[in-house]
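Summary of structural features
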Amino acid sequence: MKDPSEGLRSSGGPLTQDELANLLERGYADASLRFFARTWKVGEEADVVAEVASQGFANDIDLEALEPTARAVFGLIAERGGRVRGENLRRDLLLRGFGESKATIRNLIVRGWLVALPSPGEHACNLNSVLEQETFLQRDLAVLQSTFERLDALDDDEALDAPAWSEVIVDDRQATTDELELNLLHLCALIRRDPLKLNKDGTPNRRSLARVARGITMPGTYGEIDDDLDLHDAEHFDYLTFLVSLARELQLLSNLDDATCRTDDAALTRFFHAPGDERDRRLLDALQRLRFWNEIDSLRLSRQASRNVDEDHFSQSESTGQPLIGARGFVISVLRRAHFSNWASLDALAQLCTQLDRHYLDRTLSQLPRKPDPDEFIHAVLERTLVWAGILELGESEDGQPLAVLSKRGSRALGLGDDVPSPEPGGCLIVQPNFEVMVFLDNSPVTILHELYRVGRRRKLSDRVATFQLEAESVQRGYALGADADSLIELLNHHGHTPVPDAVAFQLRDWERVHRRLTIHLGGAALRHPDPERFDLICGQLEHDLRESPVELIRLGPRDAFVTDATHPALQRTADAESSLQLDALGPPPRCFYFVDPLVLMIDPYECDVTTRVELDRVANFLEDESSPRSLFFALDPDKIIAHYPDDPLRGICNFLGPRSEGGLPAAQSLRLQSELDSPPSVHLQSDVTVLTFRDLDAAERFRQLSEAPDMIARRLGPTTFAIHTDQVPLLEEIIDELHLHLSDLLFDEPSAD
Amino acid sequence: MLCEDTAILEETLLAIEPLDLHIRRLGDRGLLVPADEVDAIRRTLEQAGTFPRLVGSLPVTDDAPTPDEPVAEEVL
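Considering the sheet that holds strand E4 (residues 168-170) of chain A
All names here are of chain A. The strand order E4-E9-E10-E8 describes an open sheet built from four strands, whose pairing is antiparallel. If you trace the sheet from one side to the other, it starts and ends with E4 and strand E8 (344-345), each paired once. Relative to strand E10 (residues 402-406), strand E9 (residues 392-397) runs antiparallel, the two sharing five bridges. Looking across to E10, one finds that leucine 394 is bridged to alanine 404.

What about the packing of aromatic side chains?
All names here are of chain A. Tallying each qualifying case throughout the model produces 18 aromatic pairs over all chains. Between phenylalanine 593 and phenylalanine 656, the aromatic rings sit 5.7 Å apart at their centres with planes inclined by 65°, giving edge-to-face as the arrangement. Separated by 63 residues along the polypeptide, phenylalanine 593 in the loop between strand E19 (582-584) and strand E20 (594-597) and phenylalanine 656 in helix H28 (residues 649-657) bring together distant segments of the chain. When sorted by exposure, phenylalanine 593 lands in the same class as phenylalanine 656, which is buried. Ring-pair connections join several aromatic residues into one group, and the members of that group are Tyr28, Phe35, Phe36 and Trp40.

A look at the nonpolar core
Residue and element names in this part refer to chain A. Leu246, Phe377 and Leu508 are the most contacted members of the largest nonpolar core, which totals 109 residues. Split by domain, this core shows at least three residues from each of two domains, domain 2 (177-413) and domain 3 (429-497). With residues up to four places along the chain from it excluded, the contact list for leucine 246 reads Leu180, Leu184, Leu283, Ala286, Leu287 and Leu290. By size, the runner-up hydrophobic cluster in this structure holds 47 residues, among which are Phe36, Ala37, Ala70 and Leu127.

Focus on the pairing of E10(A)
Residue and element names in this part refer to chain A. By the criterion of burial, E10 is predominantly enclosed, with four of the five residues buried. As defined by bridge partners, E8 adjoins E10 across two bridges and the pair is classed as antiparallel. In the strand pairing of E10, alanine 344 is matched with alanine 404. Between E9 and E10, which follow one another and run antiparallel, lie four residues, and glycine 400 among them has a positive phi close to 85°.

Here's the deal with the pattern of salt bridges
All names here are of chain A. For the structure on display, the rule yields 39 salt bridges over all chains. Between glutamate 122 and arginine 139 there is a salt bridge; the shortest N-O distance is 2.8 Å. Remark: arginine 139 occurs in the loop between helix H7 (127-133) and strand E3 (140-142) and glutamate 122 occurs in the loop between strand E2 (115-116) and H7; sequence separation between them is 17 residues. Glutamate 122 sits in the partly exposed class, given a relative accessible area of 22%.

Overview of the interface of chain A and chain B
Contacts between the two partners involve 40 residues from chain A, matched on the other side by 45 residues from chain B. Carbon and sulfur atoms supply 60% of the area buried between chain A and chain B, which totals about 4200 Å² over both sides. Three residues, A:Leu518, A:Ile520 and A:Leu522, lead the burial of chain A against chain B; their summed loss comes to 18% of the area buried on that side. Here A:Arg477 ties to B:Glu46 by a salt bridge, and the two come within 3.6 Å at their closest N and O atoms. Inspection of the chain A/chain B interface yields seven residue pairs in polar contact (both at pLDDT 80 or more). When contributions to the side of chain A that touches chain B are tallied by element, the ones reaching two or more residues are helix H10 (206-213), strand E6 (253-257), strand E7 (260-263), helix H21 (472-480), strand E15 (518-522), strand E16 (525-528), strand E18 (560-563) and helix H26 (610-619) of chain A.

Notes on the domain arrangement of chain A
Each assigned domain of chain A is listed here: domain 1 (6-153), domain 2 (177-413), domain 3 (429-497), domain 4 (525-584), domain 5 (594-677) and domain 6 (690-738). Summarising the inter-unit geometry, the C-alpha centres of domain 3 of chain A and domain 6 of chain A are found 94 Å apart.

Thoughts on the side chain of A:His529
Residue and element names in this part refer to chain A. With respect to the helices and strands, the residue histidine 529 is situated in the loop between E16 and helix H24 (532-545). On the accessibility criterion, histidine 529 (4% relative accessible area) is buried. Among the polar contacts made by the side chain of histidine 529, one reaches the main-chain amide nitrogen of aspartate 531 at a distance of 3.1 Å.

What to know about the sheet that holds strand E14 (residues 465-470) of chain A
Residue and element names in this part refer to chain A. The strand order across the open sheet built from four strands is E11-E12-E14-E13, with neighbouring strands paired in antiparallel fashion. Each edge of the open sheet is held by one strand with a lone partner, namely strand E11 (429-431) and strand E13 (456-461). The sheet shows a mean angle of 20° between the axes of neighbouring strands, direction not considered. Here five bridges tie E13 to E14, and the two strands are oriented antiparallel to one another. Each bridged residue has a counterpart across the sheet, and for lysine 460 the counterpart in E14 is threonine 467.

Thoughts on helix H29 (residues 667-677) of chain A
All names here are of chain A. The complete set of buried residues in H29 reads Gln669, Leu673 and Leu677. Projected down its long axis, H29 carries its buried residues within an arc of 55°, all on one side. When the buried face of H29 is taken as reference, the exposed residues oriented beyond 90 degrees from it are Ala667 and Ala668. Elements in contact with the buried residues of H29: E20, strand E23 (631-636), helix H27 (638-644) and H28.

About the criteria used
- Residues numbered from 1 in each chain as written.
- Chains lettered and ligands numbered in written order.
- Predicted model: local features only at pLDDT ≥ 70, side-chain atom pairs only at ≥ 80, totals over all residues.
- Heavy atoms only, no water.
- Pairing = 2+ DSSP bridges.
- Helix = DSSP H or I, 4+ residues; strand = E, 2+ residues; numbered from the N terminus.
- Phe/Tyr/Trp six-rings, centres within 6.5 Å; stacked < 30°, edge-to-face > 60°.
- Buried < 20%, exposed > 50% of the residue type's maximum accessible area, 1.4 Å probe, protein only.
- Core = buried A, V, L, I, M, F, W, Y, C linked by side-chain atoms within 4.5 Å.
- Domains from an automatic or database assignment.
- Contact = heavy atoms within 4.5 Å.
- Salt bridge = Lys/Arg side-chain N within 4 Å of Asp/Glu carboxyl O.
- Buried area = accessible area lost by both parts, 1.4 Å probe.
- Polar contact = N/O pair within 3.5 Å; in protein donor to acceptor, adjacent residues only side chain to side chain.
- Axes fitted to C-alpha atoms, helices over the stretch in contact; angles between N-to-C directions.
- Arc of directions from axis to C-beta.

As structure tokens, then:
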């Protein structure tokens, strides 16, 4: 149901007489009416109180005598047209360097200079309770119409002071997100050629890292590090650790195993071909989730006094950054809520984070082993993580106060703006006859850079120009990753200042011809048939069925062919219809072994998959004389088996033979294998044995407890069955007779386990 | 794996010979390889300067291949 008082409320501006009258009638409690009357020293009638909004009151504000924070409060309210949300007022004051202002705002409400308004839908707002419970920051705060007119009338000299930094000294070079992306592309391109090795403790192997880090640009500097790269310099090593860790969070790098990182080309393409806003959002998300790098140690490193950071900090297996993920998220969410578009004091930003929810940071950081101070952590996130990523830019006020502002891409990453300029249309590169491609970075879309890194090798990076070399190897590598000559030439022509030289275009096509000499078809199926004539017919039918699809059937011999898609329905139909047609695919191995003698087996080659057929040669000898085309015989060779499964030959061969034999590996074969590969099972053969069996277990137990039993019983063979020493049989017969045991002609079954 | 001719196939076999693979030759220019061994072959060929064309995609299986690689030692 619609709130009846809603239409009476103004959406902005100072508090007018009409609005106050309506709020006194429907929004405020009687206690608030008395609060206003007492504060403004007027009668307790609603219309008299409401009149103050337009007429002013006796103890109205002395603007001259206000302390600085209170002046800034009125300055900000005047800037926003007379009304502002309490939290936003406090946040803006913090960002402008006024510190905590809650007490000042409260004092202004108590003195009646600022009015805390009822929330929409509230009917009995009691200002005494609002002040007592300090909920005024969650409300709109307005100045009276009369006050606002006085503020508005102030000339420039008297203007209230809510300073925002207009004079900011900014470094010429700031780290930018574009440069970070270029570094990520460069690193991933080099790791693609030469996977990054990790030491046992997870730190990048310095020699391997030096190979893949050549050409990286340090944040806020010009050009490549190149010869200046020194991995004994903690800052260089630290920045590279940051890059590797970030690339892993973005899934551009993946761990091949514990010892090697390599580039995930599919992920790289997905990321750099994503729209700019999505890329920024993913980048910020990855920065927050950094697990294998942390900004606290990084910032400590850059300070001269504390260069000794544990090797753990550089490890790609020690998740030193993981415990900070939540706290980073908190700082980023505060920045998002701060909604600041101008320069703000860095200290004020840090203070804002601690003031908004100090307990969260205290609690989170106190759980970490080193218990970092919240202030130190916030500064580390702002000055290191977000600055290195180009989200924040740093500057300095004239009086030396450190300031920060969100970059355009930083604003977009936080979802606060989307005014990132697109690269200017027109050419951004020149392809030269010597196969060099010069790219002007300022107006080059990142997709072009991604493509050039795919097919070329970056040779040089000067201030804003990168030079790539197209080489036989790099271009063919690019083709292997999905590029093709026609698209590449079209792309270079489209973005080039000049057309691609003919010689370059010719060579790009020729490299593609060379590249296509070897094709790997992934996920296809091999077809085999014992009868070449029948196979001809099957292939003809399949070619006909596949003519409308991109799937190909490739003939490889009279009995062999390959279909490039194993899942095509036509192939499935043919396989169902032709029982002799063999499809070779992964999955459970076919049961194609038939044992004919101890350690001798027979296979039909058309039933075997490729792994079985190849593996069999490694453990058995082919018996050529006994074989025919459809029946190949093999003798398992213990020496070959031991060489192939050196750790546990018996287990290895049983695991290989078992799943491929109908009904599993026959027991006789496994016993024989045990004899050959392990110690032969020992047996003892005993003859002339008398066996005594009882029908029930109780009787057997009583028999066992007889005093003569130990001398008579040679071995207990089961719960009710005993082997009796042959020379004790007369004694046994005596006992049977004496105890009136009934001798049965039938053999009893053993009692069940139940 | 489909080679342009027998010579390319022989060259390819030579390049991947050091790998312990389950390869079966099909005709004059085809090699049949289990899907989980394609990655190792591709890396070996690339190290030898051959960049084969890849067509299609590998079937998705639950167990990812985990080739054995020695853990590198810090050497400077």
